[in-house]
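Examining the three-dimensional arrangement
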Amino acid sequence: MKLYSYWRSGTSYRTRIALELKGLAYDITPVDLRTGAHKEQDFLTLNPQGLVPSLEVEDGITLSQSPAIIEYLEERFPERPLLPKEPTARARVRAMAALVGCDIHPLNNLRVLKYLRGDLQLDQSQTDLWAQTWITAGFQALEELLSQDTSRGDFCHGAQPGLVECYLLPQIYSARRFHQDMSQFPLLSAIEENCMALEPFQKAYPDNQPDAD
């Protein structure tokens, strides 16, 4: 498999985590968002939306949108599952992942930040405040959900990392870029620490990617 990825892209990061947790082999083709490589015709042919990640799978088909890619990986490679078996637990895990993927990440991704800094002419402190506002709201809700789960282990659900961590770790990485105070989220911080002790998360980490600078 070939992953078209940008090292600091949160959606690319979550996809790398899923691939690593599944123990799947893949090659990375960097797509530099800063230079506009995602808008070049060769990449637009693969992904008309011009976004990363895209995943070229064995049969030559290229998949886009990280939630769809991760669902494909879960269905195609059911070993080392990212989701629990029990339906209610699966729904709970999906809800926590969506909290990050739908309610936090879209408000502080690169396209939004460029608009804030460019069209609206916000300075860095104002941009940070924008991002912190939505990160704080989402992380507070997620911290509360985790605190209510008395059966939770060292991760968001159970004793092994899974779908939620695929979404959570990239958002924490992004939160620190916006100078977010993580001390108010002890459960999320502990889960991050537990994840980063594991090789799949270390291999997927942005600063360890071939195009990182």
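In the block above lies the structure referred to throughout.
Let us now look at the packing of helix α7 (residues 163-177) against helix α8 (residues 186-196). Following both chains from N to C, one finds α7 and α8 inclined at 110 degrees, their axes separated by 10 Å at the closest point. Taken together, the axes of α7 and α8 are roughly perpendicular relative to one another. Side by side, α7 and α8 meet where Glu165, Leu168, Leu169, Ile172 and Arg176 of the first sit next to Leu188, Ile191, Glu192, Cys195 and Met196 of the second. A breakdown of the residues in the contact of α7 with α8 according to their chemical character gives seven nonpolar, no polar and three charged.

All right, on to the nonpolar core then. Within the largest apolar cluster, 57 residues are counted, with the highest numbers of intra-cluster contacts made by Ile17, Leu73, Phe139, Leu142, Leu163, Leu168 and Leu188. With nine residues, the single largest contributor to this core is α7. Every residue in contact with leucine 73, bar those within four places of it in the chain, is listed here: Met1, Ala18, Leu19, Lys22, Leu24 and Leu55.

A few words now on the sheet that holds strand β1 (residues 2-5). Pairing is mixed across the open sheet formed by four strands, whose spatial order is β2-β1-β3-β4. Edge positions in the open sheet fall to β2 (27-30) and β4 (62-64), since each of these has one partner strand only. Taking each pair of neighbouring strands and ignoring which way they run, the sheet shows an average axis angle of 25 degrees. Pairing analysis gives four bridges linking β1 to β2, with the strands arranged parallel. The residue of β2 that forms the bridge with lysine 2 is aspartate 27.

For residues that are not glycine, phi is negative in most cases, and the peptide bond is trans in most cases. With omega at 5 degrees, the peptide bond leading from valine 52 into proline 53 counts as cis. Of note, proline 53 is situated in the loop between α2 (41-46) and β3 (54-56). In this structure, histidine 179 takes a positive phi of about 60 degrees despite not being glycine. For histidine 179, the position within the fold is in the loop between α7 and α8. Under the relative-accessibility criterion, histidine 179 is labelled exposed at 58%.

In contact at an axis separation of 10 Å, helix α5 (residues 110-117) and helix α6 (residues 124-148) are set at 140 degrees when each is read in the N-to-C sense. The orientation of α5 with respect to α6, classified from their angle, is oblique. When the axes of α5 and α6 are compared, the crossing they make is right-handed. Note on element contacts: α6 touches α5 through Gln124, Thr127 and Trp130, opposite Val112, Leu113, Leu116 and Arg117. Of the residues contributing to the contact of α5 with α6, the split by class is four nonpolar, two polar and one charged.

About the cut-offs
- Residues numbered from 1 in each chain as written.
- Predicted model: local features only at pLDDT ≥ 70, side-chain atom pairs only at ≥ 80, totals over all residues.
- Heavy atoms only, no water.
- Axes fitted to C-alpha atoms, helices over the stretch in contact; angles between N-to-C directions.
- Helix = DSSP H or I, 4+ residues; strand = E, 2+ residues; numbered from the N terminus.
- Parallel < 35°, antiparallel > 145°, perpendicular 65-115°, else oblique.
- Contact = heavy atoms within 4.5 Å.
- Nonpolar A, V, L, I, M, F, W, Y, C, P; charged D, E, K, R; others polar.
- Core = buried A, V, L, I, M, F, W, Y, C linked by side-chain atoms within 4.5 Å.
- Buried < 20%, exposed > 50% of the residue type's maximum accessible area, 1.4 Å probe, protein only.
- Pairing = 2+ DSSP bridges.
- Left-handed = near helix turned anticlockwise from the far one by under 90°.

None of this, on its own, says anything about what the molecule does.
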